[in-house]
Amino acid sequence: FGHLYGPAAEPMKQLYLGIERVFCDPKNYPKEKASGAALSWGHLGTEARMAEFARLLERAKALANDVESYAIFNLMFGPTLDSDAVRARIGLFEKAVWSYMVAGREQYLKRTSAAIPALKAPRVAEAGGDPAKVEWAKAAPLHDPRLPANWYDRGGDKASARKLSGRVAHDGRFFYLELTDACDPKKLVTAAEVFPCDDWEVFIAAQRAVPYRQYAVSPSAQIVALSHGEINFRMNVPIKDHGVRAVSDTSAADQWVTRMAIPLSGAIPGGVKPGGKLYLNVIRVTSPAVSGAGGLGIDTWVSFCTVHEADRLAEIQLEP
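Residues numbered from 1 in each chain as written. Predicted model: local features only at pLDDT ≥ 70, side-chain atom pairs only at ≥ 80, totals over all residues. Heavy atoms only, no water.

A. Spotlight on the environment of Asn 28. Relative to the helices and strands, Asn 28 resides in the loop between helix 2 (9–24) and helix 3 (36–44). For Asn 28 and Glu 193, which are 165 residues apart along the polypeptide, the C-alpha to C-alpha distance reads 39 Å. Excluding its chain neighbours within four sequence positions, the residues that come into contact with Asn 28 are Arg 21, Val 22, His 43, Leu 44 and Arg 49. (Helix = DSSP H or I, 4+ residues; strand = E, 2+ residues; numbered from the N terminus. Contact = heavy atoms within 4.5 Å.)

Written as structure tokens, this is what we have:
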């Protein structure tokens, strides 16, 4: 630290070791399962710790700019240390490490205060799990008028540039979803196992936490059903007898429409009945051919909530 930071060595050492100590000490981790931003900034990079880290960095910058501190340091340790190099090294740490920590915490605070959609799924006439027989005109749109946008880019708070929409309903036995992407169906790419190309991914839980289930549908209507956290806390466990039905319509020149029927008895662990609640997010994973961005696109119905993030799932009330 002395060779790198000269008179600023002590606060920089405290900063490095402080961050390392917070991350490595098991006492700082919650008993309940937590990951991602909730772990990083809700339990580890707390407001008090970030304030102390910021104080140490400011102290280091002040010492790096103090001529007298260099004189004392060089007298005690020699040889003469280049003050410009010290300031550049602290600046590098600030840009390459600290600025990301600050941005991460700011994003976390925005995430925790952002509104989460809450909708009612109307009850329609029984369709027997056949998406073609559902009274879709009576279904509720995936839209919460309190929110500034309906779909978000890559699970953040920036509105999606793509035109996506959806509707929900139930008939007492099945939960129905209609999902529409205004795209050129000829560009859709179907993977042999659904992932990682064009698909709709539906995340459903009984609460905003693990366990939850994931239902993914490809343009060919192939379905993958997975449970996460249900069995010995294991993730990505295939569900064989899921009972989900899907219809994929690519007949129009300017849209891809997917309709799903998910049994209420098995949509979530233990099932859900009319009058009850479930928690939901819908994600559109887009192939490079459709996204035009040179990589996979991800658009989410709920802001600040992408794949495998259950703490911000929207609340869906099933009408009795």
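B. Representation of the packing of aromatic side chains. Throughout the structure, instances matching the rule amount to 10 aromatic pairs. Pairing Tyr 16 with Phe 93 gives two aromatic rings, centres 5.2 Å apart and planes at 40°, and the pair type is tilted. In this pair, Tyr 16 is assigned in helix 2 and Phe 93 in helix 6 (residues 83–113), connecting sequence segments 77 residues apart. Phe 93 gets classed as buried once you look at its relative accessible area, which sits at 7%. A connected cluster of aromatic rings, assembled from ring pairs, spans Phe 1, Tyr 5, Tyr 16 and Phe 93. Arg 284 extends its terminal NZ or CZ atom over the ring of Trp 200, reaching a point 5.9 Å from the ring centre. (Phe/Tyr/Trp six-rings, centres within 6.5 Å; stacked < 30°, edge-to-face > 60°. Buried < 20%, exposed > 50% of the residue type's maximum accessible area, 1.4 Å probe, protein only. Lys NZ or Arg CZ within 6 Å of the ring centre and 35° of its normal.)

C. Spatial organisation of helix 4 (residues 47–64). For helix 4, spanning 18 residues, the distance from its first C-alpha to its last is 26 Å, which sits close to the expected 26 Å at 1.5 Å a residue. Tucked inside the fold, the buried residues of helix 4 contact helix 2, helix 3, helix 5 (67–77) and helix 6. (Expected span 1.5 Å × (residues − 1).)

D. Structural view of unusual backbone geometry. Cis geometry marks the peptide bond from Phe 195 to Pro 196; its omega dihedral reads 0°. Positionally, Pro 196 belongs in the loop between strand 5 (174–181) and strand 6 (199–205). Note that the residue after Val 210, namely Pro 211, is joined by a cis bond; omega there is 5°. Looking at the element boundaries, Pro 211 is found in the loop between strand 6 and strand 7 (212–217). The phi torsion at Val 194 lies on the positive side, around 75°, for a residue other than glycine.

E. Highlighting the sheet that holds strand 10 (residues 245–249). Ordered by their spatial adjacency, five strands build an open sheet running 2-4-5-11-10, and the pairing between neighbours is antiparallel. Edge strands, defined here as strands with exactly one partner in the open sheet, are strand 2 (140–141) and strand 10. (Pairing = 2+ DSSP bridges.)

None of this, on its own, says anything about what the molecule does.
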